Each structure stands twice: as C-alpha cells, then as structure tokens.
Amino acid sequence: MSDLAAARKPEPRGGGASASTVKGVVAMAAAMGLFVTNDTFLKLAMREIPLGEALGLRSFAAGLLLLALIVRAGDLAALPHALRGRVLVRSALDTLTTFVYVAALAAMPIASTTTIYMAAPLITTALAVPMLGEKVGWRSWCAITIGFLGAVIVTRPDPSTFSAIAVLPLLAAFFGSVRDIATRGIGMETPGPVVGFSGTLVLCLAGGIFMLWEDWRVPSLEVSAYLLAAGLAFAGGTVALVFAFRNAPVASVSPLRYLLVFGALVSGFFVFGDLPDAWTTVGMVLVVGAGLYALHREHLRSRAARLAARNAAAGGGLGVSAPCSPVAACAPPHD
C-alpha cells in the first residue's frame, strides 16, 4: 500500500462542492478501489510465488507505468528528485511498510489485515505530537485510544486464538505513519508520480535482495497476469490519490480512506470466501468510527484556524481586530 501526499497545488478554498472537489472525491474513491485491487491480486499471486518475488515484479511493472506517466506529463526533468535524500527516506519507509503489510496479507484475511492497518491515520495523529510539535486535544486522544483498541480486538490477543502474524499490520501501520510524516518534508516541486517512482525503485531493489534467500519460481501465465494487474492497479491508485489531494480539500477526501475496509470485505468474501466474525466486525466498527471522528475533529480545527487567520488579515489593514460573529466561529474548537 502507498499513501502519497506530495501535492504541488494548494488545496481549493471554500466549502462549496465545486466541480474540482467532485472530481477529487471521485478520484479518491477510485484510488481506494485500485489499492484494494492491488492487494487482492498480490494475495492471489503469493499463493504460488514468495513475498520478495511478488513485490519485486509488481513494483517493476508499476515503476514502468509511473515512468511512462512522468514522461507523458512532461516531468522528466524532475526525475532526479527521486534520488533526493528526503524522497529516498520516504521510499525506504514505504518499502518497510509494504513488506510488513504484504507479509501479513499473505497469511491473514484481507479484511482483517486492512482493518488493522487503518489504525495508521490515528497513529499518525499521535506521532505528530512528538515529531511535529502539533497539539492533540482530549477528544482526539479518546478517538485514537478507541481506534487502537479496535485494531487490537481484530488481532485477537486471547492466548488461545492469538497469532503473532496479526501484529504485522499494526507494525505496518506504525511504519506507514512515520512515512506519512516524513512525506511532509518533501518539497512541492517534486511531482507526486516521481515520489511514487522512487518508492517502486526501492521496492524493486529490496525485492531483489529478498529473493536471494527465497526459492525463486518462474511465474505461471496466471500469476504473471495477477502481477501485471496489481502493477496497473497500484500505479493507477497512486496517480488517482495525487489527483484527489490536488483537486479537493483534504477534509473532503480523507474520510474516503475507510472505503478500503469496505473494499477489503467485498474482496475477502467474493474472491477468498472470507467472512468476518463478530469480534472482527466490532473491531472494524471501532477503527472506522474512531478514524472518521478524528478526521472530523481535524476538519473543525483547520476550519477554525483558517477563519481566525482570515479575520486577522482583514483586521490588520485597519489596525484593529476584525469582529467575529458568532464568537464561537472565530475560536478554535475545544478538543
């Protein structure tokens, strides 16, 4: 899985549902569907070939597609940015996240793996406090705690049913959160597809190294088709995700991340014959509900900050503070 946020354009202003925002929302939904498709085909391919080989070949196919998109967009001059220090750090973290996540995907139901991994946005919020100096209020901390509890429920901590492999998606969520925070340090002059291409390069290299300890198997035509489809889905999801963040406000598209859970449920049932039990369902509800609430709180906080900045700018020209009506609209929400 990948989560690019290297947008070069500022997000649209205003709360209206503009044509650009609608396109961004549609692109985000498409991206989530494509990422679930990628996971599904990878899981199918790993029935016959090992982890490193599957990721290496998938990433090679995705890298070629992203390179073609970079050339088509006229961003070839920005390709050296793929080897910049901060981009490579993000790519290394993305590689670590992907390997740990896909290792879990190979052994666990796709819906359970995805649900546990979706604790990542909550972990990112928690890590933003020590790593970025951001403030998180008590309501958001409650959402983080509840969401994390939901992820733990899905891992089944009962000694009689617990499997150590269930910890891997949670570990991947942690690495993915660090990756997302590292992404914020990448300059907006670096196109999103270039960031994605850097990630595929590092993944290909890591997959090749991993294959030195694996039992290499020549993929059958069926597995080759799975890997090609996964590469297409991953590259398409990456481009759609970047398009979404460039054309719609973050608050409009971020909640759609949780379509991954729904998509994983559909894939798990129709492709793999998996159906979540009661405990997994409870965990899903807690993770998704807490994540959506945390995003809602962040939206309120961001909107209040924009209103305060706009009022301060309006009042600055007259040397007086701009009036607020109502007062609550000018103050940041108490969290």
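What you are looking at is a predicted structure, and each value in this text was computed from that prediction instead of being measured.

1. Things to note about the overall build of the protein
Logical step 1: The helix and strand tally for the protein stands at 12 helices and zero strands.
Logical step 2: In sequence order, the secondary structure elements of the protein are arranged as α-α-α-α-α-α-α-α-α-α-α-α.
Logical step 3: Pairs at least 24 apart in sequence give 88% of the contacts found in the protein among residues at least 6 apart.
Logical step 4: As displayed, the protein has an accessible area near 15800 Å², and 70% of this comes from carbon and sulfur atoms.

2. Brief notes about the side chain of Thr-190
Logical step 1: Its location among the elements puts Thr-190 in the loop between helix H7 (167–183) and helix H8 (192–211).
Logical step 2: For Thr-190, the side chain forms a polar contact with the side chain of His-81, separated by 3.2 Å.

3. Quick notes on the side chain of Ser-198
Logical step 1: Counting through the fold element by element, Ser-198 comes out in helix H8.
Logical step 2: If we ignore the near neighbours within four places in the chain, the residues touching Ser-198 are Ala-82, Val-87, Leu-88 and Ser-91.

4. Topic: the environment of Leu-241
Logical step 1: Mapped onto the fold, Leu-241 is located in helix H9 (residues 221–247).
Logical step 2: For the pair formed by Leu-241 and Ala-29, sequence separation is 212 residues and the distance between their alpha carbons is 8.8 Å.

5. A look at the environment of Glu-222
Logical step 1: For Glu-222, the location among the structural elements is in helix H9.
Logical step 2: When the C-alpha atoms of Glu-222 and Ala-45 are compared, they prove to be 8.3 Å apart, with 177 residues separating the residues in sequence.

6. Examining the packing of aromatic side chains
Logical step 1: Evaluation of the coordinates by the stated rule reveals six aromatic pairs.
Logical step 2: Ring geometry for Phe-41 against Tyr-226: centres 5.9 Å apart, planes inclined by 35°, an arrangement best described as tilted. Taken together, the positions of Phe-41 in helix H1 (residues 19–45) and Tyr-226 in helix H9 put the pair 185 residues apart, joining distant regions of the chain.
Logical step 3: Directly above the aromatic system of Phe-234 lies the positively charged group of Arg-58, at a separation of 4.3 Å from the ring centroid.

7. Concerning the packing of H1 against H9
Logical step 1: Running from N to C, H1 and H9 cross one another at 155°; their axes reach a closest spacing of 7 Å. By the angle class used here, H1 and H9 are roughly antiparallel. Judged by the twist between their axes, the crossing of H1 over H9 is left-handed.
Logical step 2: The class makeup of the residues in the contact of H1 with H9 is 22 nonpolar, nine polar and one charged.

8. Section: the layout of surface pockets
Logical step 1: By volume, the second largest pocket amounts to about 240 Å³.
Logical step 2: Those elements giving two or more residues to the lining of the second largest pocket turn out to be helix H4 (110–117), helix H6 (138–155) and helix H11 (259–270).
Logical step 3: The element best represented in the lining of the second largest pocket is H11, accounting for four residues.
Logical step 4: In the lining of the second largest pocket, the residues fall into 12 nonpolar, six polar and three charged.

9. Observations regarding the pattern of salt bridges
Logical step 1: Evaluated as defined, the whole model comprises three salt bridges.
Logical step 2: Put simply, Arg-179 and Asp-94 hold a salt bridge, and the shortest N to O gap is 2.9 Å. In this pair, Arg-179 sits in helix H7 while Asp-94 sits in helix H3 (residues 85–107), placing the two residues 85 residues apart along the sequence.
Logical step 3: On the basis of relative accessible area, Arg-179 is assigned to the buried category, the value being 1%.
Logical step 4: Relative accessible area serves as the criterion here: at 2%, Asp-94 is assigned to the buried category.
Logical step 5: Across the salt bridge formed by Asp-180 and Arg-179, the nearest N and O atoms sit 3.1 Å from each other.
Logical step 6: Overall, the relative accessible area of 18% leaves Asp-180 in the buried class.

What counts, and where the lines are drawn
Residues numbered from 1 in each chain as written. Predicted model: local features only at pLDDT ≥ 70, side-chain atom pairs only at ≥ 80, totals over all residues. Heavy atoms only, no water. Helix = DSSP H or I, 4+ residues; strand = E, 2+ residues; numbered from the N terminus. Contact = heavy atoms within 4.5 Å. Areas by Shrake-Rupley, 256 points an atom, 1.4 Å probe, with all protein chains shown as cover. Polar contact = N/O pair within 3.5 Å; in protein donor to acceptor, adjacent residues only side chain to side chain. Phe/Tyr/Trp six-rings, centres within 6.5 Å; stacked < 30°, edge-to-face > 60°. Lys NZ or Arg CZ within 6 Å of the ring centre and 35° of its normal. Axes fitted to C-alpha atoms, helices over the stretch in contact; angles between N-to-C directions. Parallel < 35°, antiparallel > 145°, perpendicular 65-115°, else oblique. Left-handed = near helix turned anticlockwise from the far one by under 90°. Nonpolar A, V, L, I, M, F, W, Y, C, P; charged D, E, K, R; others polar. 1 Å grid on protein atoms, 1.4 Å probe; cavity = no way out; pocket = protein on both sides within 12 Å on 5 of 7 lines; lining within 4 Å. Points joined across faces, edges and corners; volume = space filled by probe spheres on them. Salt bridge = Lys/Arg side-chain N within 4 Å of Asp/Glu carboxyl O. Buried < 20%, exposed > 50% of the residue type's maximum accessible area, 1.4 Å probe, protein only.

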